[in-house]
Amino acid sequence: EKEWDCPMTRETKWSVEPNVGILPIKFGMTESEVSEASGLGRAKDTIVEDDGLVTQFWGLGDPNVAYRDGKVVFIATGPASIPVLIGDVEVFQDDTRTALQAFEKANGDKPFYQLGSVNFTRLNLAMTGFFDFREDRYYDPISGEQDDRVISLFAPGTCTDREATRSRRRCDLDRNAS
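If you're wondering where the values come from, they're calculated on a predicted model, not measured in any experiment. Counting starts from 1 at the beginning of each chain's written sequence and moves along it residue by residue. Only residues with pLDDT of at least 70 get local features here, since the model is predicted, and only at 80 or more are side-chain atom pairs given and counted; chain-wide, interface and lining totals rely on the full set of residues. Where side-chain values are given, they derive from all heavy atoms of the structure, hydrogens and water being excluded.

### So, the packing of aromatic side chains
Part 1 of the argument: Between the rings of Phe, Tyr and Trp (Trp by its six-membered ring), a pair exists once the centres lie within 6.5 Å; its type follows the angle of the planes, with under 30 degrees stacked, over 60 edge-to-face, and the other angles tilted. Across all of its chains, the model carries five aromatic pairs by this definition.
Part 2 of the argument: Judged by centre distance (5.1 Å) and plane angle (50°), the ring pair of Phe74 and Phe154 falls under tilted. Of this pair, Phe74 sits in strand E7 (residues 71-77) while Phe154 sits in strand E15 (residues 150-154), placing them 80 residues apart in sequence.
Part 3 of the argument: Partly exposed describes any residue whose relative accessible area lies between the buried limit of under 20% and the exposed limit of over 50%, with all areas from a 1.4 Å probe on protein chains only and scaled to the type maximum. You can call Phe154 partly exposed: its relative accessible area is 25%.
Part 4 of the argument: Between Phe103 and Phe120 the ring centres are 6.0 Å apart and the planes differ by 35°, which places this aromatic pair in the tilted class. Residue Phe103 is located in helix H2 (residues 96-107), and its partner Phe120 is located in strand E11 (residues 117-120); the two are separated by 17 residues in the primary sequence. With respect to class, Phe103 is no different from Phe120; both count as buried.
Part 5 of the argument: An aromatic cluster of three or more residues is present, and its members are Tyr113, Phe131 and Tyr138.
Part 6 of the argument: Charges are assigned to positions over rings by a cutoff of 6 Å between ring centre and Lys NZ or Arg CZ, combined with an angular limit of 35 degrees from the ring normal. Stacked on the ring of Phe130, the Lys or Arg Arg149 has its end atom at 5.2 Å from the ring centre. Helix and strand definitions here come from DSSP, where helices need a minimum of 4 consecutive H or I residues and strands a minimum of 2 consecutive E residues; each element is numbered from the N-terminal end.

What follows is the structure, encoded as structure tokens:
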């Protein structure tokens, strides 16, 4: 049983709410609101980019949160963090196909695949490490293999429709080329 980096227990569950956040962290929250709502406390490390994006890190097993103009615009989390749900599916513990199907249903459309990432544009969400394109297989959570899966959520408006369309077109051309 893992000892969690943040002051929560294995029974604590976070919920993916596309275009809202990974609850209890919501897009638009301030640093102090994230600290209070999540129970994570003060960040252990902070990186400030040249463009003003501020990313906070608590520990290897905890979510990363990025802020622009003092408000949450990005949340990423992996399998070592607090259990994460979409509906009643535990994203990092349940079968990978089941997790992807839950996001596909929420998206209302099939995802597109690009550079090792499964992307759900209507949800402003990317999932990395859930599908291995080189081996044409889904990650198996009980395989014992290194687990590098990550869910990244972007605040609405941070990825434009034009960029998503351009990325999808590139992806479709790449997939049809083989």
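### Describing the sheet that holds strand E4 (residues 45-48)
Part 1 of the argument: Paired strands, in this sense, are two strands between which DSSP finds at least two bridges. Taken together, the eight strands give an open sheet; going across it, the order is E4-E5-E6-E7-E15-E12-E11-E10, and neighbouring strands pair in antiparallel fashion. Edge positions in the open sheet fall to E4 and strand E10 (112-114), since each of these has one partner strand only. Strand-to-strand twist of the sheet, defined as the mean angle between neighbouring strand axes without regard to direction, takes the value 20°.
Part 2 of the argument: Summarising the sheet, strand E12 (residues 125-128) and E15 pair through four bridges and their orientation is antiparallel. The residue of E15 that forms the bridge with Met127 is Ile151.
Part 3 of the argument: Lying on the sheet, H2 is in contact with E11, E12 and E15; it crosses E11 at an angle near 30°. Throughout, an axis means a line fitted to C-alpha atoms (over the contacting stretch in the case of helices), and angles, computed between N-to-C directions, take values from 0 to 180 degrees. Note on contacts: a residue pair qualifies if any of its non-hydrogen atoms lie within 4.5 Å across the two residues.

### Things to note about the pairing of E15
Part 1 of the argument: Of the strand pairs in this sheet, E7 and E15 are connected by four bridges, and their pairing is antiparallel. From the neighbouring strand, Phe74 faces E15, where its bridge partner is Phe154.

### Section: unusual backbone geometry
Excluding glycine, a negative phi dihedral is what most residues carry, and trans is how most peptide bonds are arranged.
Part 1 of the argument: Cis geometry is adopted by the peptide bond preceding Pro24, which originates at Leu23 and carries an omega value of 25°.
Part 2 of the argument: Among the structural elements, Pro24 can be located in the loop between strand E2 (21-23) and strand E3 (25-26).
Part 3 of the argument: Of note, Asp69 is a non-glycine position whose phi angle comes to about 55°, a positive value.

### Re the side chain of Thr77
Part 1 of the argument: Looking at the element boundaries, Thr77 is found in strand E7.
Part 2 of the argument: Judged by its relative accessible area of 4%, Thr77 falls in the buried class.
Part 3 of the argument: If sequence neighbours within four positions are ignored, Thr77 has contacts with Ile22, Pro63, Val84, Phe92, Arg149, Val150 and Ile151.

### Observations regarding the confidence of the model for the chain
Part 1 of the argument: Scored from 0 to 100, pLDDT records how confident the predictor is in each individual residue. With 81% of its residues at a pLDDT of 70 or more, the chain shows a mean pLDDT of 81.
Part 2 of the argument: Below a pLDDT of 50 lies the segment residues 1-10, which in the model reaches 27 contacts outside its immediate sequence neighbourhood of four places, other chains included.

### Details of H2
Part 1 of the argument: Residue count minus one, scaled by 1.5 Å, sets the expected span of a helix. Here H2 contains twelve residues, and its C-alpha end-to-end distance of 16 Å stays within 8% of the 16 Å for a straight helix at 1.5 Å per residue.
Part 2 of the argument: If you check which residues of H2 are buried, you get Thr96, Ala99, Leu100, Ala102, Phe103 and Asn107. For H2, the buried positions fall inside an angular range of 155° around the axis, keeping them on one side. For H2, the exposed residues lying more than 90 degrees away from the buried face are Gln101 and Lys105.
Part 3 of the argument: Distance and chemistry together define a polar contact, namely a pair of N or O atoms within 3.5 Å, with one atom able to donate a hydrogen and the other to accept it when in protein, and with adjacent residues in sequence counting only for side-chain atoms on both sides. Between the side-chain oxygen of the N-cap and the backbone nitrogen of Arg97 there are 3.1 Å, and the N-cap of H2 in question is Asp95.
Part 4 of the argument: Downstream of H2 by one or two residues, Gly108 has phi in the positive range, about 75°. Our arc is simply the arc of the directions from the helix axis toward the C-beta atoms.

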